[in-house]
Amino acid sequence: MAGSINKVILIGNLGRDPEVRSFSNGGKVCNLRIATSDTWKDRATGERREKTEWHTVAIFNEHLIRLAEQYLRKGSKVYVEGKLETRKWQDQAGADRYSTEVVLRPFSGEMTFLDPRSGDQMGGGDSYGGGSSGGYDRAPDDDPYAGRGGGSSGSGPSSRDMDDEIPF
């Protein structure tokens, strides 16, 4: 195989409010806990079963951190696209520990709000992210719901971002 792909896509609900921490060098990280659930009908008993998986997401993109902090709350439905990364750390006893999490870095992650805005009947679906994965490098007027009609997928620029001039 000539190359490889490290891509994670999650659609789920936040288990708690976003947690933002600052580093001594001025950088920030936003941690999210996202729950995804599978449901099925048990063949033996006929009962409905459900299994929930919890995922840790770390956002290092300052723009996405600001949006998550401002608009996401416990229970919010969100789409995130990032990469799996494993980091090594030491616990209080000095033992080596490992954590694997979904990481959204500048220009390589995407986040879409899936909850409807209060008062909006059609739903949200506004997408923000980094260069290579699509989305936006900045929020339109810093409001993820601005300038969008109901039901917009948010997968590309809106009509107001399009330039009427032909570049050739």
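Above this note sits the structure.
Report follows, based on the coordinates. (Residues numbered from 1 in each chain as written. Predicted model: local features only at pLDDT ≥ 70, side-chain atom pairs only at ≥ 80, totals over all residues. Heavy atoms only, no water.)

Turning next to the environment of Val-103. Along the chain, the position of Val-103 falls in strand E6 (residues 96–104). On the basis of relative accessible area, Val-103 is assigned to the buried category, the value being 2%. Taking C-alpha positions, Val-103 is 5.3 Å from Lys-83, a pair spaced 20 residues apart along the chain. Contact partners of Val-103, with chain neighbours within four places excluded, come to Ala-58, Phe-60, Gly-82, Lys-83 and Glu-85. (Helix = DSSP H or I, 4+ residues; strand = E, 2+ residues; numbered from the N terminus. Buried < 20%, exposed > 50% of the residue type's maximum accessible area, 1.4 Å probe, protein only. Contact = heavy atoms within 4.5 Å.)

Our next topic: the pattern of salt bridges. By the definition in use, this model includes eight salt bridges. Close ionic contact of Arg-49 with Asp-42 constitutes a salt bridge, the shortest N to O distance being 3.4 Å. Here Arg-49 falls in the partly exposed class, since its relative accessible area comes to 35%. (Salt bridge = Lys/Arg side-chain N within 4 Å of Asp/Glu carboxyl O.)

This part is about the environment of Trp-40. Mapped onto the fold, Trp-40 is located in strand E3 (residues 28–41). Separated by eleven residues in sequence, Trp-40 and Lys-51 have C-alpha atoms that sit 8.9 Å apart. The residues contacting Trp-40, other than those within four sequence positions of it, are Glu-47, Arg-48, Arg-49, Glu-50 and Lys-51.

Turning our eyes to something else, we now look at the nonpolar core. Ranked by internal contacts, the top residues of the largest apolar core, which has 19 residues, are Leu-32, Val-57, Ile-59, Leu-72, Val-80, Leu-104 and Met-111. At the level of secondary structure, the elements contributing two or more residues to this core comprise strand E1 (8–14), E3, strand E4 (48–59), helix H1 (62–71), strand E5 (77–90), E6 and strand E7 (110–113). Sorting elements by how many residues they give to this core places H1 first, with four residues. Excluding residues within four positions of it along the chain, Val-57 makes contact with Leu-10, Cys-30, Asn-31, Leu-32, Ile-34, Val-80, Val-102 and Leu-104. (Core = buried A, V, L, I, M, F, W, Y, C linked by side-chain atoms within 4.5 Å.)

Position of Ser-99 among the secondary structure elements: in strand E6. Judged by relative accessible area, Ser-99 falls into the buried class, the value being 18%. At 2.8 Å, the side chain of Ser-99 and the side chain of Trp-89 are in polar contact. (Polar contact = N/O pair within 3.5 Å; in protein donor to acceptor, adjacent residues only side chain to side chain.)

Before going further, it helps to examine the pairing of E3. The sheet contact formed by E1 and E3 spans two bridges and is antiparallel. The partner of Leu-14 across the bridge, within E3, is Ile-34. Hairpin geometry of strand E2 (residues 19–22) and E3 is characterised by an intervening segment of five residues between the two adjacent antiparallel strands and by a positive phi of about 100° at Gly-26. Bridge count for E3 against E4 is twelve bridges, and the pairing is antiparallel. Its bridge partner being in E4, Cys-30 is matched across the sheet by Ile-59. (Pairing = 2+ DSSP bridges.)

Attention now moves to the packing of aromatic side chains. Scanning the entire structure with this criterion turns up one aromatic pair. Judged by centre distance (6.1 Å) and plane angle (45°), the ring pair of Tyr-71 and Phe-113 falls under tilted. Here the residue Tyr-71 occupies a position in helix H1, and Phe-113 occupies one in strand E7, the gap between them amounting to 42 residues. Residue classification places Tyr-71 among the partly exposed residues on the basis of a relative accessible area of 23%. Given the relative accessible area of 2%, Phe-113 is considered buried. (Phe/Tyr/Trp six-rings, centres within 6.5 Å; stacked < 30°, edge-to-face > 60°.)

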